[in-house]
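Here are the chains, one letter per residue:
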Amino acid sequence: MIWEKKEIEGKQVKALAKKYNIDLLVASIVMRRNLNKGQSLCFFLENDIRFLHNPFLFSEMEEAVERINLAVLNGEAIFVFGDRDVDGITATVLLVRLLRERGAKVLWGLPEGDDSYGLSRELIDSIAEKNVSLLVSVDCGISNIDEIEYAGEKGIDTIVVDHHNPHEYLPEACAVINPKVEESGYPFKDLCGCAVTSKVVWALHFSRTRYYGIPIFLLHIKPANESYVIDMVRLVNLVERDRIRENVVPGVVSFEKTRLFRFCEGNDVYVYREENQKKQLAVVFGDTFTPNIFDIEPLITKIFPALKDNSLYKIQEKSRIAFYADRQSEEIDVFASLFISYVIKSEKTLSVDYCNDMDLVALGTLGDIMPLVDENRIFVKLGLSVLNKTKRRGLREILFRNSLCGKELDSKDVSWYVTPVINASGRMGEPEKAAQMLLTDDEKESEELAAYIIKLNDKRKNLGEEVWGKVIPGAKRCFEETEEKFIYVSGTSIHRGITGIIASRLSKFFKVPALVVALLEKRAVGSIRSTLNVNAKEFLHSFGDLLTDFGGHDLAGGFTMGLDKMERFESRFQEVVKEMEPVRRREDVVTVDAELPTGYLTPDIWSVIEFFKPYGEGNPPLVFLTREVAIRSCEVIGRREQVHLKLLFEAGKYKWPAVFWNSADRVGRDFSEGDSVDIVYNISKNYYQQTETIRLNILDIKKNTSP
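Residues numbered from 1 in each chain as written. Predicted model: local features only at pLDDT ≥ 70, side-chain atom pairs only at ≥ 80, totals over all residues. Heavy atoms only, no water.

1. Observations regarding the side chain of Asp162
Here is step 1 of the chain: For Asp162, the location among the structural elements is in the loop between β5 (157-161) and β6 (175-177).
Here is step 2 of the chain: Although buried, Asp162 forms no salt bridge, and the nearest oppositely charged side chain, Lys180, lies 8.1 Å from it.
Here is step 3 of the chain: At 3.3 Å, the side chain of Asp162 forms a polar contact with the backbone nitrogen of Cys140.
Here is step 4 of the chain: Residue contacts for Asp162: discarding those within four places in its chain leaves Tyr117, Asp139, Cys140, Gly141, Ile142, Ile177, Asn178, Pro179 and Val196. (Helix = DSSP H or I, 4+ residues; strand = E, 2+ residues; numbered from the N terminus. Buried < 20%, exposed > 50% of the residue type's maximum accessible area, 1.4 Å probe, protein only. Lys, Arg positive; Asp, Glu negative; His and termini not counted. Salt bridge = Lys/Arg side-chain N within 4 Å of Asp/Glu carboxyl O. Polar contact = N/O pair within 3.5 Å; in protein donor to acceptor, adjacent residues only side chain to side chain. Contact = heavy atoms within 4.5 Å.)

2. A few points about unusual backbone geometry
Here is step 1 of the chain: Omega for the bond connecting Lys613 with Pro614 falls within 30 degrees of zero, at -5°, which places this linkage in the cis form.
Here is step 2 of the chain: Among the structural elements, Pro614 can be located in the loop between α25 (606-611) and β19 (624-637).

3. Quick notes on the side chain of Thr602
Here is step 1 of the chain: Assignment of secondary structure puts Thr602 in the loop between β18 (594-595) and α25.
Here is step 2 of the chain: Apart from residues no more than four positions distant in its own chain, Thr602 is found in contact with Tyr654 and Trp656.

4. A closer look at the nonpolar core
Side chains that are nonpolar tend, in soluble globular proteins, to be buried together.
Here is step 1 of the chain: Judged by nonpolar contacts, the single largest core of 176 residues is most densely connected at Leu506, Phe612, Phe624, Phe649, Ile683 and Ile698.
Here is step 2 of the chain: Ranked by residue count, the leading element in this core is helix α21 (residues 443-481), at 12 residues.
Here is step 3 of the chain: Sequence-distant contacts of Phe649, that is, excluding residues within four places in its chain, are made with Val629, Ala630, Ile631, Tyr654, Lys655, Trp656, Ala658, Val677, Ile679, Leu696, Ile698 and Ile701. (Core = buried A, V, L, I, M, F, W, Y, C linked by side-chain atoms within 4.5 Å.)

5. Section: the sheet that holds strand β12 (residues 487-491)
Here is step 1 of the chain: Across the sheet, which stays open at both edges, the 5 strands sit in the order β12-β13-β14-β16-β15 with mixed pairing between neighbours. Bordering the open sheet on either side are β12 and β15 (549-552), each of which pairs with just one other strand. Taken pair by pair, the neighbouring strands of this sheet meet at an average axis angle of 10°, ignoring direction.
Here is step 2 of the chain: Pairing of β15 with strand β16 (residues 556-562) involves 4 bridges; the strand directions are antiparallel. Bridge pairing in β16 places Gly551 opposite Gly558.
Here is step 3 of the chain: Sheet strands touched by helix α24 (residues 566-578): β12, β13 (514-519), β14 (523-529) and β16. Its angle to β12, the strand with the most contacts, is close to 165°. (Pairing = 2+ DSSP bridges. Axes fitted to C-alpha atoms, helices over the stretch in contact; angles between N-to-C directions.)

6. Let's talk about the packing of aromatic side chains
Here is step 1 of the chain: Enumeration according to the criterion identifies 34 aromatic pairs in this entry.
Here is step 2 of the chain: Taking the centre distance of 6.0 Å and the plane angle of 45° together, the rings of Phe56 and Tyr212 count as tilted. A residue pair is termed long-range when its members are at least 10 positions apart, and Phe56 in the loop between α3 (38-45) and α4 (61-74) and Tyr212 in the loop between α8 (193-206) and β7 (215-224) qualify at 156 residues.
Here is step 3 of the chain: For Phe56, a relative accessible area of 2% gives the class buried.
Here is step 4 of the chain: For Tyr212, a relative accessible area of 15% gives the class buried.
Here is step 5 of the chain: Linked through ring pairs, Phe486, Tyr488, Phe539, Phe543, Phe559, Phe569 and Phe573 together constitute an aromatic cluster.
Here is step 6 of the chain: The cationic tip of Arg505 hangs over the ring face of Trp468; the distance from NZ or CZ to the ring centre is 4.1 Å. (Phe/Tyr/Trp six-rings, centres within 6.5 Å; stacked < 30°, edge-to-face > 60°. Lys NZ or Arg CZ within 6 Å of the ring centre and 35° of its normal.)

7. Describing the pairing of β7
Here is step 1 of the chain: Taken together, the 10 bridges between β7 and strand β8 (residues 227-236) define a ladder with antiparallel strand orientation. The residue of β8 that forms the bridge with Pro215 is Val236.
Here is step 2 of the chain: Here β7 hands over to β8 after 2 residues, with Asn225 in that stretch at a positive phi of 60°.

8. Details of the pattern of salt bridges
Here is step 1 of the chain: Tallied over the entire structure, the rule returns 42 salt bridges.
Here is step 2 of the chain: Note that Asp588 is salt-bridged to Lys511, the shortest N-O span being 3.3 Å. Linking Asp588 in the loop between α24 and β17 (589-592) with Lys511 in the loop between α22 (499-510) and β13, this pair joins segments that are 77 residues apart in sequence.
Here is step 3 of the chain: Judged by its relative accessible area of 40%, Asp588 is partly exposed.
Here is step 4 of the chain: Here Lys511 falls in the partly exposed class, since its relative accessible area comes to 47%.

9. Quick word on the environment of Ala17
Here is step 1 of the chain: Tracing the chain through its elements places Ala17 in helix α1 (residues 10-20).
Here is step 2 of the chain: Assessed through its relative accessible area of 8%, Ala17 is described here as buried.
Here is step 3 of the chain: The spacing of Ala17 and Arg393 is 376 residues in sequence and 43 Å in space, taken between C-alpha atoms.
Here is step 4 of the chain: When near neighbours in sequence (up to four residues on either side) are disregarded, Ala17 contacts Ile22, Asp23, Leu24 and Ala27.

10. What to know about the environment of Leu219
Here is step 1 of the chain: When you line up the elements, Leu219 lands in strand β7.
Here is step 2 of the chain: A sequence separation of 24 residues divides Leu219 from Arg243, and the C-alpha atoms of the two residues are 9.9 Å apart.
Here is step 3 of the chain: Excluding residues within four positions of it along the chain, Leu219 makes contact with Ile230, Asp231, Met232, Val269, Tyr270, Val271, Gln277, Leu281, Phe289, Ile332 and Phe335.

11. What about the pairing of strand β21 (residues 654-660)?
Here is step 1 of the chain: Strand direction decides the pairing type here: strand β20 (residues 644-651) and β21, joined by 7 bridges, are antiparallel. Across the sheet, residue Leu645 finds its bridge partner in β21, namely Phe660.
Here is step 2 of the chain: Relative to strand β23 (residues 691-703), β21 runs parallel, the two sharing 2 bridges. Paired with Ala658 across the two strands is Leu696, which belongs to β23.

12. Structural notes on α21
Here is step 1 of the chain: Spanning 39 residues, α21 covers 54 Å between terminal C-alpha atoms, matching the ideal 57 Å at 1.5 Å per step.
Here is step 2 of the chain: Of all bends in α21, the biggest is about 40°, found at Val471, and the proline Pro473 comes one to four residues later.
Here is step 3 of the chain: For α21, the N-terminal cap is Asp442; the gap from its side-chain oxygen to the backbone nitrogen of Lys444 is 3.2 Å.
Here is step 4 of the chain: Residue Glu483 follows α21 closely and has a positive phi angle near 60°. (Expected span 1.5 Å × (residues − 1). Bend = angle between axes of the 7 residues up to and from the residue.)

Quick look at the structure:
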């Protein structure tokens, strides 16, 4: 294994640590992970919803909100349709609960049994019979162009809320809310389906405030030598839509002759500290300044009392939002961020109620393995906080059965013990059971449903092991036949609900893309899990004329097709793979985040681990390197096979328990008990019999050769 550590400038590390008031070790890791820009580091330092991107940045969000509100107002039947995985289930639950709270006539559905992913003509026909006039697809729909056109012919409007990669053409829907659409207007593309749905939910909350759809004009004037600088910003739904700056010499021009007049003509204007602002405006314009002025300071300082008696200039020095800006902020920027923060904090639905649903968003984000960067970090941090004290009885039951009650949950706990259980209900063809578990307020029903889907998960595990044993010989043959480029397996014994799991396992095992196809009675259902050298969605495009439907992300996708197309599909697969470049293999590389001398390897290191939480896709656990540690004990362990190592290291004043998975064969060959060695490792907490200990998870060991 190759150990790599990026070289960084010490001066830059010190400057970064000083600017953001962070530890030097933390600053060095931030530099190595290229997180040193304010907009990136912000999401590691903050967990407040004020730092989330505004949902109305989506170019068609207002259209979605207006159509949903109209349906609720008119008592129209609304049908919410999601996907069968944890992301689709949580997205469905999130929107259905809100619509129920609004008193809407709402129905919902998920793909059951062997149903295809996404919308179908059969689904459209069935909801048309129920007089549904508005269909909202969540975590699906972006590729259902024909089905949405068919819904329109049936008199059903459609709103698509999705995050999958779009095809060349978009469906003719009332609104498409998808960050991966090129013209979406949204600044962050890697949201899960539930997170995108949460954006719609927040926008619906906002639409019931007095600020919805109303242009808000903010003004700030300040002296500049012999003139005055006047800044104005226009906000619509808390999104800055326009701004203007005028440099005006007192007494030279009336207000009506400036661009400012045309900018805000006929509208009221908000200022901060009215008395001061009015005096300066009077100096510049006399009595020609015509807009009505409203002072927002009393309202803002009521929500944020620490700001009382501070000017915008003083607040600017303390502003967290301005702190992370990539450009020099002005007082008008601080005013705008204050106004936005005031509205969010003063409206309970935009802050408290919205945060209470972050557990669902965190489940969707972690379940769909979205990168834990940008606002996904805030979603997951807030969501874990909600999960730790969840009021959802079904989730409590799942936590209880996995001995997680009372433990402070982290992303790994959720990814290992919670999302797989919810996913299992969909994989086994009964996603409605998990959705109902999250929707019901009946304690007995939720606990019974939780117990049921836990059993489904056990069944899924057993099925996965059984199928794995059947497909691995064919996978090895395919690996050789494709010159170690690709894995393809198919069969009637493969359950359609575990194609993704098997594909993922094969891809990790062989380190190449893997395609797994379940052959059903009338059609084939497949999943692809890819590697960085092959785009899954583009790969499936090569078979577009053969597939009934397909979609996905860069590294994962799914599809269906008729059994009569299988022979042509397999023939073309051979042709496509033959033209692919061979996978370049090299020795495994571990990227080291920091080298810790033995004197720095103390229990205090846990504060550094905490800073970078939550860990996951796009933000892997920290990797440390420490040299010249002594192996004090070494024991071979394992439940089924004795293939793992339990070690005890001595580093400076402390002894550290450690595990080294699948490495028992290295004892006596690469190192032995009593040796001085160099190690690369992660650090985690181990819970056993309600006792918590810090443990090293060894990634590699090299015998120290220093004299």
